[in-house]
Amino acid sequence: MPLALLALAVGAFGLGTTEFVMMGLLPDVAGDLHLSLPTAGHLVSAYALGVVIGAPLLAVLTARLPRRTVLISLMALFVAGNALSALAPGYDSLLAARFLSGLPHGAFFGVGAVVATNLVAPERKARSVSLMFMGLTVANIAGVPVATLMGQHLGWRATFLGVSLIGVAAMAAVFLLIRPAHTPAPATGLRGELTALRSLPVWLALATTVVGFGALFSAYSYITPMLTASAGYTQGSVTLLLALFGVGATIGNLVGGRLADHAMRGTLFGGLASMVAVLLLFPVLMRAEWSAALAVVLLGVAAFVTGSPLQLMVMERAAAGPSLASSANQAAFNLANAGGAWIGGIALAAGFGVTSPALAGAALAVLGLGVASVAYAVDRRRAVPAPGRERVIASHVPEATDLAHSS
């Protein structure tokens, strides 16, 4: 694998750290700015809103630019957003800075995934995407805990200044390690990107991301009360257990990337089926400390096995203009975050028990399998010519058949 993928992973590490660290810093920020915790929680939502809006918007605005230039520019926007967060005099300005920080997130992952696949041979595309995403999963192991401790001891503003420096390092890495020859401006331009997004298979792949990762966030959003109220852990132990989730996510990401290069569709179905099984077992696994820790790791593995195949599936279905669709998949991931947390909250509020969000997540994972099955059926139907038309489109049959086998 080329060293250039390290530059993308550094950027992903910074993005993952700043996205999740606010959850650990909420009490510190709320106390410093004299806010209630629910009000401070809007700072998490502001970042997610920035991701959802910025992913397609920035992909459209940069459609004609060289990809290397786009990546550096997105990291510059990331640095500015985090620096402004550190310098924000009050709540409103911090809210705006968090929104600004989220704008480049989806576009960087979307464009970065396209660049990553262009750096390697076709049979290693999924692995290249997984290596870039590894920066995001490692952020949950090391970046978020270290940044949280920094904020608790040096103040939350120091955390965002530190994250800004990670962004500067990512800009330097992209500039030094990624050659301009490997990242030319797309030949299709904006028209090709928009045309690719009209495809039904693209939207089915995006829907699979929303529902499949919604299953993860239905449970993960309420993992702390499960660990404390059901498994018996103390509040202080939760940070270490969340790092275990990052370990599982890293393992799942790497395994999923390797498997998807051999069988992309099979890896996706296997990952979703694994999520169903793990989430159904949550009420049992959360009865003891050791099994609860195992459940956290298994959830990370099962969820992130699907990450690379979903990203690659969206890109392949939008092959004529993959940057916009790839970025839209990151917006879909954040919609899954919001939607999954909402559905898990409904189960919890209905009085079904502290582990009920996991069962709601299992239902979402089953729905994700259904959407993925529909996508598979649509792909097969489009790949095989209708009866009586073989002669008319005979020259295209081998290509379609090859596409079906590769999927």
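Residues numbered from 1 in each chain as written. Predicted model: local features only at pLDDT ≥ 70, side-chain atom pairs only at ≥ 80, totals over all residues. Heavy atoms only, no water.

How should I be thinking about the packing of helix α9 (residues 200-220) against helix α14 (residues 307-317) in this particular structure?
Any two packed helices are characterised by the angle at which their axes cross and by the distance between the axes. Where α9 meets α14, the closest approach of the two axes is 8 Å, and the angle between their N-to-C directions is 160°. Judged by the angle between their axes, α9 and α14 are roughly antiparallel. Between α9 and α14 lies a crossing of left-handed hand. For the pair formed by α9 and α14, the contact residues are Pro201, Val202, Ala205, Leu206, Thr208, Thr209 and Phe213 on the first element and Gly307, Leu310, Met313, Val314 and Arg317 on the second. Considering only residue class, the contact of α9 with α14 consists of eight nonpolar, three polar and one charged. (Axes fitted to C-alpha atoms, helices over the stretch in contact; angles between N-to-C directions. Helix = DSSP H or I, 4+ residues; strand = E, 2+ residues; numbered from the N terminus. Parallel < 35°, antiparallel > 145°, perpendicular 65-115°, else oblique. Left-handed = near helix turned anticlockwise from the far one by under 90°. Contact = heavy atoms within 4.5 Å. Nonpolar A, V, L, I, M, F, W, Y, C, P; charged D, E, K, R; others polar.)

Any chance you could explain the packing of aromatic side chains here in plain terms?
Aromatic rings in a pair are described by how distant their centres are and how their planes are angled relative to each other. Within this structure, the stated rule accounts for nine aromatic pairs. With a centroid separation of 4.2 Å and 25° between ring planes, the pair formed by Tyr220 and Phe245 is classed as stacked. Placement of the pair is Tyr220 in helix α9 and Phe245 in helix α11 (residues 238-260), with a sequence separation of 25 residues. This pair shows no difference in class: Tyr220 is buried, exactly as Phe245 is. Pairwise contacts between aromatic rings join Phe213, Phe217, Tyr220, Phe245, Phe304 and Phe333 into one cluster. (Phe/Tyr/Trp six-rings, centres within 6.5 Å; stacked < 30°, edge-to-face > 60°. Buried < 20%, exposed > 50% of the residue type's maximum accessible area, 1.4 Å probe, protein only.)

I keep staring at the pattern of salt bridges and nothing clicks. Help me out?
For side chains bearing opposite charge, pairing can occur when the charged atoms are close. The final tally for this structure, using the stated rule, is four salt bridges. Measuring nitrogen to oxygen at the nearest pair gives 3.7 Å for the salt bridge that ties Glu316 to Arg317. Residue Glu316 is classed as partly exposed on the basis of its relative accessible area of 31%. Its relative accessible area of 14% is what places Arg317 among the buried residues. Note that Arg317 is salt-bridged to Asp379, the shortest N-O span being 2.9 Å. With Arg317 in helix α14 and Asp379 in helix α16 (residues 356-383), this pair connects stretches of sequence that are 62 residues apart. Counted as one network, the salt bridges with shared partners bring together Arg265, Glu316, Arg317 and Asp379. (Salt bridge = Lys/Arg side-chain N within 4 Å of Asp/Glu carboxyl O.)

Sorry, what's going on with the layout of surface pockets here?
The gaps left among the atoms become clear once a water-sized probe is rolled over them. Looking at the largest pocket, its volume works out to about 1,200 Å³. Among the elements of the structure, α1 (4-33), α3 (42-61), α6 (125-154), α9, α10 (223-230), α11 and α15 (322-349) are those that each provide at least two residues to the lining of the largest pocket. Within the lining of the largest pocket, the residues separate by chemical class into 23 nonpolar, twelve polar and one charged. (1 Å grid on protein atoms, 1.4 Å probe; cavity = no way out; pocket = protein on both sides within 12 Å on 5 of 7 lines; lining within 4 Å. Points joined across faces, edges and corners; volume = space filled by probe spheres on them.)

Explain empty space enclosed by the protein here, please?
Summed over all chains, the structure comprises two cavities of 30 Å³ or more. Volume-wise, the largest cavity comes out at about 170 Å³. Taken together, 15 residues form the lining of the largest cavity, with Phe133, Leu136, Phe213, Gln330 and Phe333 sitting closest to its centre. When residues of the lining of the largest cavity are traced back to their parent elements, those giving at least two are α5 (91-118), α6, α9, α14 and α15.

Coordinates in, geometry out; function isn't part of it.
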